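# Secondary and tertiary structure notes
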Amino acid sequence: MKDSKDISSYMDLLGSEAKSASAPKYSMPRMVGVFGGTFDPVHFGHTKTISELSSLISFKKVIVIPSAKPPHKQKVTASFEQRVTMTRLAFKNQKGVFIDGREALRPGPSYAIDTVKDLLTKEKRSKIVLIMGSDAFAKIDTWHRWEDLLTLVDFIVIKRPNPTNLWKRRSFRLIKRENDLEDFIHSKSIGRVFEVKLKPIRISSSKVRKDLALGKNVERLVGSKVKEYVLFHKLYGSKDFTK
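A short tour of the structure in this document, coming up. (Residues numbered from 1 in each chain as written. Predicted model: local features only at pLDDT ≥ 70, side-chain atom pairs only at ≥ 80, totals over all residues. Heavy atoms only, no water.)

Relative to the 18 Å expected for 13 residues at 1.5 Å per residue, helix 2 (residues 44–56) spans 18 Å between its end C-alpha atoms, a close match to the ideal helical length. Within helix 2, the full set of buried residues consists of Gly 45, His 46, Thr 47, Thr 49, Ile 50 and Leu 53. (Helix = DSSP H or I, 4+ residues; strand = E, 2+ residues; numbered from the N terminus. Expected span 1.5 Å × (residues − 1). Buried < 20%, exposed > 50% of the residue type's maximum accessible area, 1.4 Å probe, protein only.)

Structure representation (structure tokens):
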């Protein structure tokens with residue numbers, strides 16, 4: 001059983017507020033972005049996605065939620081506490097980003113529907129928007145109570161490179177895609193989906209794990225702080241000769 005001090009530390013606001021060179025193009029007073037994932041480990045693909053998206057949309061805040069017990073992952077290498085710590089280090093200098101460890105407080109699989117309902121009780125006047133890649137959204141029809149989820153939140157789907165067969169899936173056919181970002185942001189309706197194309201970042205957690213096991217330098221993929229943490233704790237079969 002985790003003590004309350006450990007759990008509360010997951011909720012801390014991270015880092016100093018970096019100055020933005022320019023204001024986001026579109027804004028809405030209380031739009032809360034929610035970015036979930038296994039983060040095993042977190043990498044620049046995650047942090048740069050949120051940084052770039054935040055330059056386009058003025059979120060009230062972005063809540064990054066490491067999954068405690070991912071329903072669709074058979075194996076997670078690092079512990080929940082380690083993944084939370086790495087995520088905290090990775091997002092430390094991003095303004096308005098919170099790392100949230102609420103999924104450790106619930107038993108059983110970490111279903112998105114349960115996390116969303118919990119968030120809605122605390123963000124009653126906010127528009128909750130789930131942020132995910134098109135590859136993840138393509139499988140949303142396999143999620144626990146996914147149709148109920150569509151009645152509670154909106155989605156921003158990040159286009160992945162070469163998603164040639166994703167749009168054939170039932171989840172995409174059932175949902176009308178939005179093309180007007182400003183209309184999407186200011187709409188009062190729920191369950192809308194907006195696709196956004198960002199600069200492709202070809203990094204995956206599996207590549208990071210593989211490179212670490214081979215003793216390769218992963219700083220270009222995860223940053224110095226996450227790399228140092230991984231090596232110190234000898235995660236992912238990292239080699240002592242990694243520099």
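A few words now on the nonpolar core. Met 86 and Ile 156 are the most contacted members of the largest nonpolar core, which totals 39 residues. Once you skip the residues sitting within four places of it in the chain, Ile 156 turns out to touch Leu 53, Ile 57, Phe 59, Val 129, Leu 130, Ile 131, Met 132, Phe 184, Phe 194 and Val 196. (Core = buried A, V, L, I, M, F, W, Y, C linked by side-chain atoms within 4.5 Å. Contact = heavy atoms within 4.5 Å.)

Bringing the side chain of Thr 49 into the picture now. The topology assignment puts Thr 49 in helix 2. Thr 49 gets classed as buried once you look at its relative accessible area, which sits at 9%. Ignoring anything within four residues of it in the chain, the contact list for Thr 49 reads Phe 44, Ile 158, Leu 198 and Ile 201.

Next up on the list: the pairing of strand 4 (residues 61–66). In terms of burial, strand 4 is largely enclosed, as 6 of its 6 residues are buried. Of the two faces of strand 4, the one lined by Lys 61, Ile 63 and Ile 65 and the one lined by Val 62, Val 64 and Pro 66 are each fully buried. With 6 bridges connecting them, strand 2 (residues 31–37) and strand 4 associate as parallel partners. Counterpart to Gly 37 in the pairing with strand 4 is Pro 66. As defined by bridge partners, strand 4 adjoins strand 5 (residues 97–99) across 3 bridges and the pair is classed as parallel. By the bridge assignment, Val 62 is partnered in strand 5 with Val 97. Regarding topology, helix 3 (residues 80–90) serves as the crossover connection from strand 4 to the parallel strand 5, and that connection is right-handed. (Pairing = 2+ DSSP bridges. Right-handed = clockwise from strand over helix to strand, strands pointing away.)

A side chain with one charge can pair with a side chain of the opposite charge if their charged atoms come near. Counted under the stated rule, the structure contains 11 salt bridges. The partner of Asp 183 in a salt bridge is Arg 192, and the shortest N-O contact between them spans 2.7 Å. Bridged by salt links that share partners, the residues Asp 100, Arg 102, Asp 118 and Lys 122 form one connected network. (Salt bridge = Lys/Arg side-chain N within 4 Å of Asp/Glu carboxyl O.)

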